[in-house]
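Secondary and tertiary structure notes
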Protein chains: 2
Amino acid sequence: MTKLISTIEQTGQCCPSVLASPLDAAQAADLARGFTALADPVRLRVLSILAASPDGEVCVCEFVGPLGKSQPTISHHVKILSEAGLVSGDRRGKWVWYSLNRERLAELRAALQPSG
Amino acid sequence: MTKLISTIEQTGQCCPSVLASPLDAAQAADLARGFTALADPVRLRVLSILAASPDGEVCVCEFVGPLGKSQPTISHHVKILSEAGLVSGDRRGKWVWYSLNRERLAELRAALQPSG
DNA sequence: CAATAACATTGACGAGAGTCGATGTATCCA
DNA sequence: TGGATACATCGACTCTCGTCAATGTTATTG
């Protein structure tokens, strides 16, 4: 807590940033987990399809064809994105509708933002 | 080329963005390579140390102690960052001074930027 | 209840990543 | 010329990741 306040005072930010000050091991591990979720072409395409969807929601079956991967593979990637906080799933009947978590994406973007 | 102009017209950006429009396989692969370079705590700490350095340059030997990794391991990570365009090395005598490539980092940040 | 559909989970496989000791290469100095 | 220093490369190991076939789970429908 003291460390968090110190970080805020030093950087003017609420989240660790790569460019603000040297990261300790824990901060670096947290950020690395986030970027790991972005470090796969299938997952990036899932996010981009979600972002481009008019109603902001896409069910899993709509990823399988366009991305050329099997249903278990898509399900695997969506789970990774979900655990990283980048997407959220909502079950309605047989379908699970996934939506983009733009706040989480903004956090990772902010970690690459210059401090000054 | 035609595709690039089309992308610029549609998105107002020069680089593929996750949030602008659905990524094709090649665009997604390119971005994934960039985020893969960021998806490791050691490499994030290397970048953060470079960003915090007063003169913007750090030689390899200054990473080894603080990061608690062997010299070959640090050299390996610096190479990955270099190949990803995120850092540049400059040999001066026995030392190799590495500096941060902020433009490349800005490109990856822009890929997470909302289009509207 | 049985059959179907959408999605998740499991198990297994090959490929790639992170790590370090040992070694190679380049540079400086005595 | 020889030794010492800084960094890169190699080889090997372990572990994780991406992938898919097979199977399980949940919900709808007849």
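Here's what I pulled together on the structure shown here. Treat the numbers as computed from the prediction; the structure is a model and nothing was measured.

Focus on helix α2 (residues 25-38) of chain B
The terminal C-alpha atoms of α2(B) lie 20 Å apart, and with 14 residues this matches the ideal 20 Å at 1.5 Å per residue to within 8%. Here α2(B) has its buried residues at B:Q27, B:A28, B:L31, B:A32, B:G34, B:F35, B:A37 and B:L38.

As for the sheet that holds strand β1 (residues 57-59) of chain A
Residue and element names in this part refer to chain A. Here we have three strands laid out as an open sheet, ordered β1-β3-β2, and antiparallel in their pairing. For this open sheet the edge positions go to β1 and β2 (87-92), each flanked by a neighbour on one side alone. The mean angle between the axes of side-by-side strands here comes to 30 degrees, regardless of whether they run parallel or antiparallel. Judged from the three bridges that link them, β1 and strand β3 (residues 95-100) form a sheet pairing that is antiparallel. Residue pairing across strands places E57 opposite S99, the latter belonging to β3.

Focus on the packing of aromatic side chains
With the rule as written, the count across this model stands at one aromatic pair over all chains. Aromatic pair A:F35 and B:F35: ring centres 6.2 Å apart, planes at 10 degrees, arrangement stacked. Of this pair, A:F35 sits in helix α2 (residues 25-38) while B:F35 is found in helix α2, placing the two residues in two different chains. For the pair formed by A:F35 and B:F35, the shared burial category is buried.

Describing the environment of A:L47
The topology assignment puts A:L47 in helix α3 (residues 41-52). Given a relative accessible area of 0%, A:L47 falls into the buried group. Counting along the chain gives 40 residues from A:L47 to A:V87, while the straight-line C-alpha distance between them is 8.1 Å. Excluding residues that lie within four positions of it along the chain, A:L47 makes contacts with A:L38, A:L81, A:L86, A:V87, A:L100 and B:V18.

A look at the side chain of B:R43
Residue and element names in this part refer to chain B. Mapped onto the elements, R43 comes out in helix α3 (residues 41-52). One buried charged residue, R43, forms no salt bridge at all, with the nearest opposite charge on D40 at 4.4 Å. Discounting chain neighbours no more than four positions away, the residues touching R43 are T36, A37, H77, I80 and L81.

Section: the pattern of salt bridges
For the structure shown, the criterion picks out eight salt bridges over all chains. Salt-bridge contacts for A:D30 lead to A:R33; the nearest nitrogen and oxygen are separated by 2.5 Å. One end of the pair is A:D30 and the other is A:R33, both in helix α2 and three residues apart, which spans about a single turn. B:R92 is the partner of B:E57 in a salt bridge, and the nearest nitrogen-oxygen pair spans 2.5 Å. Of this pair, B:E57 sits in strand β1 (residues 57-59) while B:R92 sits in strand β2 (residues 87-92), and the two are 35 residues apart along the sequence. Put simply, A:E57, A:D90 and A:R92 are held in one network by salt bridges that share partners.

Thresholds applied
- Residues numbered from 1 in each chain as written.
- Chains lettered and ligands numbered in written order.
- Predicted model: local features only at pLDDT ≥ 70, side-chain atom pairs only at ≥ 80, totals over all residues.
- Heavy atoms only, no water.
- Helix = DSSP H or I, 4+ residues; strand = E, 2+ residues; numbered from the N terminus.
- Expected span 1.5 Å × (residues − 1).
- Buried < 20%, exposed > 50% of the residue type's maximum accessible area, 1.4 Å probe, protein only.
- Pairing = 2+ DSSP bridges.
- Axes fitted to C-alpha atoms, helices over the stretch in contact; angles between N-to-C directions.
- Phe/Tyr/Trp six-rings, centres within 6.5 Å; stacked < 30°, edge-to-face > 60°.
- Contact = heavy atoms within 4.5 Å.
- Lys, Arg positive; Asp, Glu negative; His and termini not counted.
- Salt bridge = Lys/Arg side-chain N within 4 Å of Asp/Glu carboxyl O.

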